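Okay, here's what each chain looks like letter by letter:
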Amino acid sequence: MDKFVIHGGRPLKGAIRIHGSKNAALPMMAASLLLPRGERLVLRNVPDLADVRTMAKLLVELGVHVERGGARLTLTVEDDRPVRAPYEIVKTMRASICVLGPLLARRGEAQVSFPGGCAIGSRPVDLHLKGLARLHARLAVRNGYILARGAKLRGGTVYLGGTFGSTVTGTDNILMAAVLAKGRTVIEHAAQEPEVQELAHLLNHMGARIDGIGNHRLIVHGVERLHGAEKTVIPDRIEAGTFMAAAAITGGDVTVENVRAEDLTVVLETLRQMGVRLEAGTYTVRVNAKGLRRAEPVDITSLPYPGFPTDLQAQFMAILTRAKGISVVTERIYPDRFTHAAELSRMGAEIRKQESTAIIHGVAKLSGAPVMASDLRAGAGLVVAGLAARGRTEVLRVYHIDRGYDRLEERLSSLGANIRRAKEIAPASSSPAAATA
Ligand code: EPU
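Everything numeric here is computed off the predicted structure, so don't read it as measured data. (Residues numbered from 1 in each chain as written. Predicted model: local features only at pLDDT ≥ 70, side-chain atom pairs only at ≥ 80, totals over all residues. Heavy atoms only, no water.)

Undergrad: Is there a simple way to explain the nonpolar core in this structure?
TA: Across soluble globular proteins, nonpolar side chains show a tendency to be buried alongside one another. Ranked by size, the top nonpolar core spans 75 residues in total, and within it L43, M55, V99 and L203 carry the most contacts. Among the elements that line this core, the one with the most residues is helix α1 (residues 22-30), at six residues. Here M55 is in contact with L26, M29, A30, M93, A95, S96, C98 and V99, once residues within four sequence places are set aside. (Core = buried A, V, L, I, M, F, W, Y, C linked by side-chain atoms within 4.5 Å. Buried < 20%, exposed > 50% of the residue type's maximum accessible area, 1.4 Å probe, protein only. Helix = DSSP H or I, 4+ residues; strand = E, 2+ residues; numbered from the N terminus. Contact = heavy atoms within 4.5 Å.)

Given below as structure tokens:
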């Protein structure tokens, strides 16, 4: 296993170009399963990440030929008979659940390993299943697998609101099932995340008829078949937000390129409230925190889009550990997503947790320490903290970070950070833990 070794205290400087979005690319790749044999889906600007490779492996298992040329991925259906997404793959990446809807819609059957809980808390799929049942699928859970059948899916009204808002991959699944279902489907309380919108646009390029993209209510008019298409994956707003947090905490001056500022409105506003100067263009944001020794304290509540993204909560909490006062961070998507808080405390942060809220008393300085990444974004938060801490920080279990960031250490080094990858000597019993994203 790898670890990151960071010597903190260097302000980041320069420009960084953001890669394609992981959470947009993964469901788009799964959409290839909706194609008839021989048809091709071409995706451009696909990030080179462990999760993308895992989805490619799963699709190969499901009869799709996957070819990568640089950031371009070509997916061609060669065999449309396999229907089983095995435990061995699903356990390493929860986004594998995105194959459920398209397999069922196109092949009339799906057997997908039931994703379990993970480091960020309980992550049920009840809304996915209820939604598919509304499209007249027959569903059962047996031997750890979701068994879905529905040779003739029919449209219906699907409600996707749950205790914690809508569901992102649940909306993806219902959309992909509904595009080939007979008749009209209304999806109420659909997720509005940009990544969901992009999937809907891709499906329309492939011949689907989806109205209301970007709204809480999506209307899908089922069609007989889809055809091949090409699409560019949007920039990763979470990768962008992570570099912005790194610039802010180090008092840096970084221009983040290839970013859609419109997807990051609440994140940019939060940075402004922290005292960071921003210059936002359509595709670039300059994050200028020069001279900002400690940020202003702010309160953050993670919410479904357009609210503050849960996937940036850890990185922004890192900034707040050094703020000039008390901040309150409330997690409304995953109430238990706070494993980074205990690790940040090892670096001298003062954080008190009360149920789904963390109260952060800003301290003048963090000090480097060995810390453990428990999931992808918690790991990113610890790296952000390490960049500002005095002395040496080691972030262990970097494989979590590699799932969603392409060579994060090289990219931070290009901005002047002192960070390198090294081998972690793992005890014989430890092995990569379960998936998060
Ligand atoms: N939920 C239910 N029932 C369901 C589905 C979800 O109660 O059937 C709950 C969840 O437990 C959670 C909330 O609804 O409390 C939202 O979960 P959602 O289903 O929207 O999450 P997801 O689709 O599994 C995606 C991202 C996550 C991101 C969340 C929230 C992908 C591949 N994953 O997960 O990304 O945190 O939306 O925005 O798009 C990451 O990239 O690090 C990551 C974890």
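Undergrad: Is there a simple way to explain the side chain of N173 in this structure?
TA: Along the chain, N173 falls in helix α6 (residues 168-178). Dropping the residues within four chain positions of it, N173 is found in contact with I97, C98, V99, L100, G101, P102, H128 and L132.

Undergrad: Would you take a moment to explain α1 for this structure?
TA: Because an α-helix packs 3.6 residues into every turn, residues spaced three or four apart end up facing the same way. In terms of residue burial, α1 counts as a mostly covered element, since eight of its nine residues are buried. Of the residues making up α1, those classed as buried are K22, A24, A25, L26, P27, M28, M29 and A30. Measuring from the backbone nitrogen of N23 back to the side-chain oxygen at the start of α1 gives 3.4 Å, which picks out S21 as the cap. (Polar contact = N/O pair within 3.5 Å; in protein donor to acceptor, adjacent residues only side chain to side chain.)

Undergrad: Got a minute to help me understand the site of the ligand in this structure?
TA: In the neighbourhood of the ligand, 23 residues make up the surrounding shell, with D126, T167, T169, D311 and I333 lying closest. Interatomic distance of 2.7 Å between a side-chain N/O atom of D126 and a nitrogen atom of the ligand. Burial of the ligand by the protein chains amounts to 93% of its free accessible area of 830 Å². Sorting the residues of the shell around the ligand by element identifies α1, α5 (126-134), α6 and α12 (376-388) as the ones contributing at least two each. The biggest single contributor to the shell around the ligand is α5, with three residues. Split into classes, the residues belonging to the shell around the ligand amount to 10 nonpolar, seven polar and six charged. (Near = heavy atom within 4 Å. Areas by Shrake-Rupley, 256 points an atom, 1.4 Å probe, with all protein chains shown as cover. Nonpolar A, V, L, I, M, F, W, Y, C, P; charged D, E, K, R; others polar.)

Undergrad: Looking at this structure, I do not really get the sheet that holds strand β8 (residues 138-142). What am I missing?
TA: In a beta sheet, neighbouring strands pair by backbone hydrogen bonds and run either parallel or antiparallel. The strand order across the open sheet built from four strands is β6-β7-β9-β8, with neighbouring strands paired in mixed fashion. Each of the sheet's edge strands pairs with one partner strand only, and the pair in question is β6 (84-85) and β8. Relative to strand β9 (residues 145-149), β8 is paired through five bridges, and the arrangement is antiparallel. Following the sheet pairing, A140 is matched in β9 by L147. (Pairing = 2+ DSSP bridges.)

Undergrad: Could you clarify how one ought to interpret unusual backbone geometry in this entry?
TA: Trans peptide bonds make up most of the peptide bonds, and negative phi angles are found at most residues other than glycine. Each neighbour pair has its own omega, and for Y305 with P306 the value is 10 degrees, a cis peptide bond. In this structure, P306 sits in the loop between β18 (300-302) and α10 (313-320). One non-glycine residue, N258, lies in the positive phi region at around 60 degrees. Considering the arrangement of structural elements, one finds N258 in the loop between β15 (253-257) and α9 (265-273).

Undergrad: What exactly am I supposed to notice about the sheet that holds strand β17 (residues 284-288) here?
TA: The sheet built from four strands is open, its strands ordered β2-β15-β17-β16 with mixed pairing. The sheet is open, and its two borders are formed by β2 (13-17) and β16 (277-280), each paired with just one other strand. Here the average twist between neighbouring strands, direction ignored, is 15 degrees. As paired strands, β15 and β17 are joined by five bridges and run antiparallel to one another. Bridging across to β17, E257 finds its partner in T284. (Axes fitted to C-alpha atoms, helices over the stretch in contact; angles between N-to-C directions.)

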